[in-house]
Every structure is written in C-alpha cells, then in structure tokens.
Amino acid sequence: MEITVKLAGIPIQLFFLDVVVFAIAIMVALAGLVTGLLARKIWLMVEGELAASWRWVLPGFGIYVAASGLRVLSVFLGSHDVYPLVSRYISFVKTEELSRIFLVLQSASELVFLIFIVFGLVRQYRLFASLSLRE
C-alpha cells in the first residue's frame, strides 16, 4: 500500500511500512528524551559518589536522543522520492551522501551512548559493591 504526500509541491510516494518505521523512530526519539529527563531528575535527587556515577549516565541520554534524531532523518532519507525535496533546500551535498553521513553518525552516536552508559553503570556497581562490603 502506497501513501502519497505532497511537501513543498513535490509528491512523495511512501510505502506504509516506511511510514510505520518513521513513526516508530519518532516514538523512540521521544522515549529517549523522556528517559533522559528522568535520569536528570534522579541525578538531582542523589549526591556524593552516586551523583558522580550519574555524571556518566546523564550525558549518554542526550547522545541517545541525538542518535534517535539522526535515525529519524535516516529513515526519512531512505525513500528516494524525498531526494528532490531535500535537494531543493540542501544543494551543497548530494542527498545520497547526506543519507550515508546520517547513518554513520547515528551508529557512532549509539556507540558513544553505550560507552557512557557502561562507564556509569561500572561506577555505580563499584559504589554499591563497596557499600555492601561495609555492612
């Protein structure tokens, strides 16, 4: 099933699956934003060593939101019908190259997110392990 959308006078034909994937990518980006806001709220509630461990986790969620935004753009640029629309507004780079750049940046930012989360969780693990030894 195809869906035709007209943006800036350019008709774009999308398959239903493309629309669903785009919607899911937007929901994941919003969920990442909510999760980051919850992580910030937790960080503001704790102090000391536990707050220091959240210093690694908290920026990771910002990076994850950026990765999700790049994913949304990658899904959008996955349809060749949007190339004329993108070329109209971004003429200094080819749309195919822009799509590849977004894919690479999205993958790299997800890797950075995982690194931040792992460092934060290791720091929290060490903190809780030392607290359990004290008891």
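For the structure itself, look to the data block above.
This structure is a prediction, so every number in the text was calculated from the model and none was measured.

**Q** Before we move on, can you summarise the nonpolar core with the specific residues and values?
**A** What tends to happen in soluble globular proteins is that the nonpolar side chains get buried as a cluster. Residues Ile10, Ile12, Leu14, Leu70, Leu77, Val82, Tyr83, Leu85, Val86, Val93, Leu98 and Phe102 constitute the largest nonpolar core, which totals 12 residues. Dropping the residues within four chain positions of it, Val86 is found in contact with Phe76, Leu77, Thr95 and Leu98. In terms of nonpolar packing, the next biggest core, distinct from the first, is built from seven residues, Val57, Leu58, Phe113 and Ile117 among them.

**Q** Can you explain the packing of aromatic side chains? Please cite residues and give values.
**A** One pass over the structure, following the stated rule, counts one aromatic pair. A centroid spacing of 4.8 Å and a plane angle of 40° characterise the contact between Tyr64 and Phe113, whose relative ring orientation is tilted. Remark: Phe113 occurs in helix α4 (residues 95-134) and Tyr64 occurs in helix α2 (residues 49-76); sequence separation between them is 49 residues. Tyr64 gets classed as partly exposed once you look at its relative accessible area, which sits at 22%. Judged by its relative accessible area of 14%, Phe113 falls in the buried class.

**Q** Any details on a nonpolar patch on the surface? Residues and values, ideally.
**A** Together, Ile26, Leu30, Leu33 and Leu37 line one region of the surface with nonpolar side chains, adding up to about 360 Å² of accessible area. Exposure remark for Leu37: the relative accessible area of 55% places this residue in the exposed category.

**Q** Let's hear about the side chain of Gln106: which residues, and what values?
**A** Checked against the element boundaries, Gln106 lands in helix α4. What Gln106 contacts, discounting residues up to four positions off in sequence, is Ala67, Leu70 and Arg71.

**Q** Describe the packing of helix α1 (residues 16-45) against α2, and please don't skip the residues or the numbers.
**A** Between α1 and α2, the least distance of the axes is 9 Å, while the angle of their chain directions is 165°. For the element pair α1 / α2, the angle class is roughly antiparallel. As α1 packs across α2, the resulting crossing turns out to be left-handed. Split into classes, the residues belonging to the contact of α1 with α2 amount to 19 nonpolar, five polar and four charged.

**Q** Requested: an account of the packing of α2 against α4, with residues and values cited.
**A** Packing of α2 against α4 leaves a shortest axis separation of 8 Å and a crossing angle of 160°. It follows that α2 is roughly antiparallel to α4 by the angle criterion. The handedness of the crossing between α2 and α4 is left-handed. Of the residues that constitute the contact of α2 with α4, the class distribution is 23 nonpolar, seven polar and five charged.

Basis of the calculations
- Residues numbered from 1 in each chain as written.
- Predicted model: local features only at pLDDT ≥ 70, side-chain atom pairs only at ≥ 80, totals over all residues.
- Heavy atoms only, no water.
- Core = buried A, V, L, I, M, F, W, Y, C linked by side-chain atoms within 4.5 Å.
- Buried < 20%, exposed > 50% of the residue type's maximum accessible area, 1.4 Å probe, protein only.
- Contact = heavy atoms within 4.5 Å.
- Phe/Tyr/Trp six-rings, centres within 6.5 Å; stacked < 30°, edge-to-face > 60°.
- Helix = DSSP H or I, 4+ residues; strand = E, 2+ residues; numbered from the N terminus.
- Patch = residues over 30% accessible without salt bridge, like charges linked within 9 Å, V, L, I, M, F, W, Y side chains within 5 Å.
- Areas by Shrake-Rupley, 256 points an atom, 1.4 Å probe, with all protein chains shown as cover.
- Salt bridge = Lys/Arg side-chain N within 4 Å of Asp/Glu carboxyl O.
- Axes fitted to C-alpha atoms, helices over the stretch in contact; angles between N-to-C directions.
- Parallel < 35°, antiparallel > 145°, perpendicular 65-115°, else oblique.
- Left-handed = near helix turned anticlockwise from the far one by under 90°.
- Nonpolar A, V, L, I, M, F, W, Y, C, P; charged D, E, K, R; others polar.

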